[in-house]
Amino acid sequence: MKILIYGTGGVGGFLGGKLAKTSHQVTLIARGAHLKAIQEHGLQVQSITGNFTAHPHLATDDLSKIDVPDLVVFGTKSWQLQEASKEILQYTNDTTLFLSLQNGANNTEKLNNVLPKNQVLSGLCRMISFIKSPGVISNPDIPPTFLFGEQDNTRTPRVEAILQAFKEADLNANIPENIQIAIWQKFLFITTVSAIGGLTRAPIGAMRDNPYIKDVMLKTAQEVYAVAHAKGILLPESTIDKAFAAITRQASQTTASTQRDIMEGKPSELENFNGFIVKEGKKLGIPTPVNEMIYELLTPQEKIARLSLSK
């Protein structure tokens, strides 16, 4: 299988590195010093599951150099997804499959707006991973899990083939019975912690140990749950309890990627997390006052970060 990883950051780097150690042909799209380091020394992954160095078939920032892929996995941020899909479309064909693993609840819809819907899969990952230095990916906590499937949840030969490739790479991967519920379960968890972490500038341990902040996180999660149900995504009653159990299990110094982006003054996924819940809540008549407060408090900084990016 010819696999293209579009965006070799924390998620794309880990996944691409593991797949590159199999017989599958893996191409990594990266930029700048990170790309140069991969080209010269390979991609180094430092993971809670074991360290390794991978040498992909090709690492490049020039899409005209790639072979037509059988599978494109997007490793960009969710706010970059539509632009990335527009860029890659001309280098694919009518059998190429497209898979998004980003955080967010509506990434599949974003891809459907640009790409042929029958070629778009839905997916998510559960992991903490980031670029530690050029050419080096760090996965210090949470052994990675990858879930994906067809939009209608049928178990087709093509998703089985992808699962087999992931298993060959010794990845913890699976096809859930309902990928939409799985995506919203992850979305509820990440929306509960990320932007609040950006506001507090504190790691997960300090937030969960503070009763007031923990209550704000709980109310955030309850609003996400209510919006999901209003949209017909019938999350299990245990979803919020399981999210907080996961929060409890995380290493005390853990921070979310969106939190780190906010703290570093970079464009973040605020719009796709709390902003998405606020907008969906208004459309559906579901009150989301806590998500709205978080969103509005962080929006001025987000606008400054976006303005700096455009200069």
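Below, the structure is looked at part by part. (Residues numbered from 1 in each chain as written. Predicted model: local features only at pLDDT ≥ 70, side-chain atom pairs only at ≥ 80, totals over all residues. Heavy atoms only, no water.)

**Quick word on unusual backbone geometry**
- The phi angle at Asn153 is positive, at roughly 65°, despite the residue not being glycine.
- With respect to the helices and strands, the residue Asn153 is situated in the loop between β9 (136-149) and α5 (157-168).
- When its relative accessible area of 26% is taken as the criterion, Asn153 is described as partly exposed.
- Positive phi, close to 60°, is recorded for Arg201, a residue that is not glycine.
- According to the relative accessible area criterion, Arg201 is partly exposed, its value standing at 39%. (Helix = DSSP H or I, 4+ residues; strand = E, 2+ residues; numbered from the N terminus. Buried < 20%, exposed > 50% of the residue type's maximum accessible area, 1.4 Å probe, protein only.)

**Looking at a nonpolar patch on the surface**
- A contiguous nonpolar surface patch, about 270 Å² in accessible area, is contributed by Leu199, Met293 and Leu297.
- Mapping Leu199 onto the fold places it in helix α6 (residues 179-200). (Patch = residues over 30% accessible without salt bridge, like charges linked within 9 Å, V, L, I, M, F, W, Y side chains within 5 Å. Areas by Shrake-Rupley, 256 points an atom, 1.4 Å probe, with all protein chains shown as cover. Salt bridge = Lys/Arg side-chain N within 4 Å of Asp/Glu carboxyl O.)

**Description of helix α1 (residues 10-20)**
- Extensive coverage of α1 is indicated by the burial of ten of its eleven residues.
- Within the sequence span of α1, burial applies to Gly10, Gly12, Gly13, Phe14, Leu15, Gly16, Gly17, Lys18, Leu19 and Ala20.

**Quick notes on the packing of α6 against helix α11 (residues 274-284)**
- Packing of α6 against α11 leaves a shortest axis separation of 10 Å and a crossing angle of 115°. Of the possible angle classes, the one that applies to α6 and α11 is roughly perpendicular. Of the residues in α11, those touching α6 at Trp184, Phe187, Thr191 and Ala195 are Asn274, Phe276 and Ile277.
- When the residues that make up the contact of α6 with α11 are grouped by side-chain class, the tally is five nonpolar, two polar and no charged. (Axes fitted to C-alpha atoms, helices over the stretch in contact; angles between N-to-C directions. Parallel < 35°, antiparallel > 145°, perpendicular 65-115°, else oblique. Contact = heavy atoms within 4.5 Å. Nonpolar A, V, L, I, M, F, W, Y, C, P; charged D, E, K, R; others polar.)

**Description of the packing of aromatic side chains**
- This model, assessed by the stated rule, comprises nine aromatic pairs.
- Geometrically, the ring pair formed by Trp184 and Phe187 is edge-to-face, given 5.2 Å between the ring centres and 75° between the ring planes. Of the two residues, Trp184 and Phe187 are both situated in helix α6; the distance of three residues between them amounts to about one turn of the helix. The same class applies to Trp184 and to Phe187, which are both buried.
- In textbook terms, an aromatic cluster arises when at least three aromatic residues are bridged by ring pairs, as seen for Phe14, Phe146, Phe148 and Phe166.
- When the ring centre of Trp79 is taken as reference, the NZ or CZ atom of Arg306 above it lies at 4.4 Å. (Phe/Tyr/Trp six-rings, centres within 6.5 Å; stacked < 30°, edge-to-face > 60°. Lys NZ or Arg CZ within 6 Å of the ring centre and 35° of its normal.)

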